[in-house]
Amino acid sequence: MNIGFKDKLTGLPKPVRILLWILLALFAYALPLLELPIISTPGVDFGGVLFTVTIYCLVALGLNIVVGYAGLLDLGYVGFYAIGAYTVGILTSFHANWPLLLAIPVAVVAAMISGVILGAPTLRVRGDYLAIVTLGFGEIIRLTAVNLEWLGDARGIKNIAKPPNIGDEKTGLFEIPHLLWGDGTVLVDTEHPTKFLVFGYIDQVPYYWMGLTAVIIVLIADILIKSSRVGRAWEATREDEDAAELMGVPTFKFKLLAFSTGAFVGGLAGALYASRQGFINPLSFLLLYSILFLAAVVVGGQGNRWGVLLGAILVAYLPQRFREFDDFRVLAFGAALVLLATLRPEGLLPPRRTVRAKQLEQELEELEHGTDEGEEAARV
Amino acid sequence: MLTLGLSLTACGTTEDGDGGSDAACDLKLAFFGPETGPAAGLGKPIIQGMQLAVDEYNDDADCDVEMVKYDSQGSPDEAPSLATEVAGDESIVGVVGPAFSGEGAAAGPIFAEAGVPTVTPSGTNPGLSTNGWDTFHRALGNDATQGPAAAKYIKDTLKAASVFVIDDASEYGAGLAGIVEKDLAGAVKGTDTIQTGQTDFSTTVTKVNDAKPEAVFFGGYYAEATILIGQLRDGGYEGKFVVADGVKDPAYLDAKDAAEGTIITCPCIPDTDPAVAEFAADYEEEFSEAPGTYAAEAYDAANIFLDGIESGIDNREDLLAFVNDYDEKGITKQLKFDKTGEPADVHVYAYTVKGGAIVPEGEIK
Amino acid sequence: MNFEFFFNNLPELTITGLAFGAIYALIALGYTMVYGVLQLINFAHSEVFMYGTFATLWTVIALNAADANGVKLIAILIVALFASMALSALIALALERVAYRSLIERDAPRLIALISAIGASFVLAEIMGLRDRIAGWFGLDDDLSEYVGKARINNSMAGTLEKPRFDVAGVSISSIDIIVIVAAIGMMVLLDQFVRRSRLGKGIRATAQDPETASLMGVNPTRTIQVTFLIGGLMAGVAAFLYMLKIDTTKYDVGFLLGVKAFTAAVLGGIGNLRGALLGGLVLGVAENWGQALFGGEWRDVIAFVLLVLILLVRPTGLLGESLGKARA
């Protein structure tokens, strides 16, 4: 299905394609202003939910590099996310007064370095052992934050810097009204406009735009990396490490690169999260989040960037959209995971290679069994 | 266009069925805290305490006040989006919560900016009231008032020369234990930390037995306290066990004999007061269980808002002013707030577990 | 670091560590056996254990163990043990049927089975956490309040059992700890013998080693997988019963942390290895206690995980690093 869509898309002339992408991006930016019925989340602010969705998208893109591209099972990804968030917290509020834009680069580099430090000794451990080592890493990071007063302990860090405003703090450069949907009517709500671009407390939309911009940048970087030599080396390593090594791919180096690139993106997500939140404490970095992040990647289709984005959207959005399930919503979410897994075991949007591999397998099988079937047919 | 927007906000944005003709009829109070998730157990008594207050009000009111629940799962993660949603719904005039200090810290600036009055029935971090949020109020004493009282009780009443201090590494427990530890300084023979959710405390028991203290103070919630005291008693510890209001929950009595003699400090009026006893009876009739931790505080918090609504207030601004000037006797304490939103007048009482019940012992002065 | 305390209390710290480690080990079996046969992380096994703890609790309430003593109490406890094993086994089998089988049959990627397991884990835990509401649909919440009440908080059977202690050479030991250690090791030995000698056990090992050849040799893979889950469930039931003897208290989400620890123990010992699970569990239990004694309780879990990482660096496939299939005498 997605292939048909993609083929059609690639069949279009380039300017049309670019135009379509731009329209899609514009729609994505406008989403919280439109407040579309059904899509919009009752009981929780739609802009805030969308921001969370973009954070999950970032995390999923980063984790996809580790899990989907390089085939490394990481159950402690929240550790990098935490390092990003805490670096920003420390630098902009707790121990220094840096502006956010200066702290973010430091945060992502810190996350990346911690990825190298964790990866260098442990990436030699194969398969699921790596899963538990990373799980341990995530927990160590969280518990260290709980126990060290220097990191704010259980009380956390408050007053984390917001992004700089563009334009006047009161009004921004200009104001953008939201839409209001009544019964069959659409109204323009000029009472509560979003100010472009003021990062305050109440209005979550500017943070969503910030997150969405980050997602688009990471997405473009992801496309570039994936189609480069590095991307192919990752794919080779994942498919058959020994063969790749024999062909002259330094697999360890590339695994480490994948791990630290993933950590980089995770750190970025954490940094943006901390800035929107204004306050962080260790409760935001529980093991559960590593599991949810992984669920986003796998449910969406590990290895396919569009798939993992879809997975991230579902994992972050569904529990918020269906708040009316009340205390049954975790139950419903769990059931949805089981259903998705059993109905679409390759993920919602499997990577093309998996699709290709499946077809190949089927062809091989047909070739193998072809004669039997022929004989059977003859007998009947 | 502007008028349209105005009329819309006046009608409220959600689909409440009663379709009240009078604007003041559509007022809502929000609960902000955990309804699901790992902290759901702590959220439930708060929800029920608030529910009871709202139901009682609605029984004789012409216009019902609606109670809406904003389930944060106790996590600061969800707090900003939920708080923004609350801020956007003008019919919500007051918030009981945020239940935990962490989510309170994340949601606080939003409520402050939107001018939504909040009264937390359970968030005890002293730092919450120092942010300059006019909207912040606390219906219970913070760690800095409960901690010294517990220390005082250990020093003056128990006259314990040696104390072992345990905390649960949570914001509440570690904060409290830290203050007790500081106040008792010389008498502290040792300290240890457990983790929330941990169930085997054997090493902590060994540590306590090794230190042979006359009293053990535990800063944390009843969930861990119940198991901890059982293991301490099984391990042969015979000294006093002192805890704070996070343990004042009927579930603590599950520890059975081990719980006997436990001293619980709490800034809440004993049920020898008829109003408190009536609340407990009503609560039990409604929910067929005894009021749990912070149920009474939630009841008080909701009643502050409900008194305001009853007096004809129909917007946040007036209600905030009303709460700031409030001075009535609640069931847990005299409900009056100082400039920072802390309860102006906190009395801490000692309770003790006797014959399978938590009975009051008297005020800690 | 508190060396004086540590050395003065070493025997006691070790015994209590072994006792909790033995419970880790029994839970770890469910992870290790399923991993050995299917190479997938049976994430929902923690809930199999959790249901077992409730089976013990409910039996104790239903048979009014609080008022019983002597032979009657022991009889009730034996019933509770079987109830735990039965409920845990049932949940494990249901899990295999609902969350795994279709994925295994279609040879789906292993990670998706992990996600399915995570989903199933949420569902199972939440059903227990919402049991008062669910009973309410049938109007039974009042009649069953002893069983379904307090759905989101601790449920306790404290006071049912006396837990006498005795002194051996100046070391105070809890009788429960000894019972737990002996019972757990006994179960492990039984299981080890079963897997090595019985027909079913051989089938399990054969499937673990080479599923295709095993099925050609007449081993029914679906049945073998069921047996694997059944055994994991039974052992989790035993673990749940022993856990309740020791801790008295359970909760709908009690499985999560214990599951993580047990999984850690399985990896520590060498995942897929039965004896490794025992060794891993015991080592983890003792390491936690020692770590807490030396560095303080705030670092207990950190030390356990650091130890795990260190051991995996030295022995990349765990302490006894062999798969179930290769585990011979």
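If you're wondering where the values come from, they're calculated on a predicted model, not measured in any experiment. (Residues numbered from 1 in each chain as written. Chains lettered and ligands numbered in written order. Predicted model: local features only at pLDDT ≥ 70, side-chain atom pairs only at ≥ 80, totals over all residues.)

1. Here's the deal with helix H3 (residues 79-88) of chain B
Of all 10 residues that make up H3(B), 9 are buried, and the element is covered over most of its length. For H3(B), the set of buried residues is Ala79(B), Pro80(B), Ser81(B), Leu82(B), Ala83(B), Thr84(B), Glu85(B), Val86(B) and Ala87(B). Of the surrounding elements, those touching the buried residues of H3(B) are helix H3 (46-69) and helix H10 (251-277) of chain A together with strand E1 (28-33), strand E2 (66-71), strand E3 (92-96) and helix H4 (101-114) of chain B. (Buried ≥ 20, exposed ≤ 12 C-beta atoms within 10 Å, placed from the backbone. Helix = DSSP H or I, 4+ residues; strand = E, 2+ residues; numbered from the N terminus. Contact = placed C-beta atoms within 7 Å.)

2. Examining the packing of H3(B) against H4(B)
Residues and elements named next belong to chain B. Where H3 contacts H4, the axes come no closer than 8 Å and their chain directions differ by 25°. On the basis of their axis angle, the class for H3 and H4 is roughly parallel. Crossing angle aside, the handedness with which H3 passes H4 is right-handed. Side by side, H3 and H4 meet where Ala 79, Pro 80, Ala 83, Thr 84 and Ala 87 of the first sit next to Glu 103, Ala 106, Ala 107, Ile 110, Phe 111 and Ala 114 of the second. (Axes fitted to C-alpha atoms, helices over the stretch in contact; angles between N-to-C directions. Parallel < 35°, antiparallel > 145°, perpendicular 65-115°, else oblique. Left-handed = near helix turned anticlockwise from the far one by under 90°.)

3. A closer look at the interface of chain C and chain B
How big an interface is tends to be reported as the loss of accessible area on association of its parts. Listed per partner, the contact involves 31 residues of chain C and 31 residues of chain B. Of all the secondary structure elements, the ones that give two or more residues to the side of chain C that touches chain B are helix H1 (3-8), helix H2 (10-38), strand E3 (171-174) and helix H13 (274-295) of chain C. Its residues assigned to classes, the side of chain C that touches chain B shows 8 nonpolar, 14 polar and 9 charged. (Nonpolar A, V, L, I, M, F, W, Y, C, P; charged D, E, K, R; others polar.)

4. Quick notes on the interface of chain C and chain A
On the chain A side, the residues contacting the 36 residues of chain C number 35 residues. Secondary-structure elements contributing two or more residues to the side of chain C that touches chain A are helix H4 (70-105), helix H5 (110-129), helix H12 (254-269) and helix H14 (300-314) of chain C. Ranked by residues supplied to the side of chain C that touches chain A, first place goes to H5(C) with 11 residues. Of the residues contributing to the side of chain C that touches chain A, the split by class is 27 nonpolar, 5 polar and 4 charged.

5. Let's talk about unusual backbone geometry
Cis rather than trans, the peptide bond between Phe196(A) and Leu197(A) has omega equal to 0°. Examined against the element boundaries, Leu197(A) turns out to sit in the loop between strand E2 (186-196) and helix H7 (205-226). Positive phi, close to 50°, is recorded for Lys159(B), a residue that is not glycine. With respect to the helices and strands, the residue Lys159(B) is situated in the loop between helix H5 (143-157) and strand E6 (163-167).

6. Looking at the nonpolar core
One finds Ala60(A) and Leu26(C) to be the most contacted residues of the largest nonpolar core, which totals 350 residues. Setting aside chain neighbours within four positions, we find Ala60(A) in contact with Phe293(A), Ala296(A), Val297(A), Gly300(A), Val308(A), Leu309(A), Gly311(A) and Ala312(A). (Core = buried A, V, L, I, M, F, W, Y, C linked by C-beta atoms within 7 Å.)

7. So, the confidence of the model for chain A
Detailed reading of the predicted model is not advised wherever pLDDT is low. The pLDDT averaged across chain A works out to 87; a share of 93% of its residues lies at or above 70. Across chain A, the element-wise mean pLDDT spans from 62 in helix H1 (residues 2-11) of chain A up to 96 in helix H4 (residues 78-94) of chain A. (pLDDT = per-residue confidence, 0-100.)

8. What about the sheet that holds E1(B)?
Residue and element names in this part refer to chain B. With parallel pairing, 5 strands are arranged side by side in an open sheet as E2-E1-E3-E4-E5. The sheet is open, and its two edges are formed by E2 and strand E5 (136-138), each paired on a single side. Averaged over all pairs of adjacent strands, the angle between strand axes in this sheet comes to 25°, irrespective of strand direction. As paired strands, E1 and E2 are joined by 6 bridges and run parallel to one another. (Pairing = 2+ DSSP bridges.)

9. Considering the environment of Ile157(A)
All names here are of chain A. With respect to the secondary-structure elements, Ile 157 resides in the loop between helix H6 (127-147) and strand E1 (174-181). Separated by 83 residues in the primary sequence, Ile 157 and Asp 240 have C-alpha atoms spaced 45 Å apart. When neighbours within four sequence positions are excluded, Ile 157 is seen to be in contact with Gly 89, Ser 93, Phe 94, Gly 152, Phe 279 and Ile 280.

10. Some words on the sheet that holds strand E14 (residues 357-363) of chain B
All names here are of chain B. Ordered in space as E7-E6-E8-E9-E10-E13-E14, the 7 strands form an open sheet in which the pairing is mixed. In this open sheet, the two strands that pair with only one neighbour each are strand E7 (188-193) and E14. Within the sheet, the average angular offset between the axes of one strand and its neighbour, ignoring direction, is 25°. Each of E6, E7 and strand E8 (215-219) is contacted by helix H6 (residues 171-184), which is oriented at about 160° to E6, the strand it contacts most. Its contacts with the sheet put helix H7 (residues 202-211) on E6, E7 and E8, and the angle it makes with E7 is roughly 175°.

11. Details of the confidence of the model for chain C
Per-residue pLDDT for chain C averages 90, and the proportion of residues at 70 or more is 97%. Interface scoring of the predicted complex returns ipTM 0.92; its pTM is 0.89.

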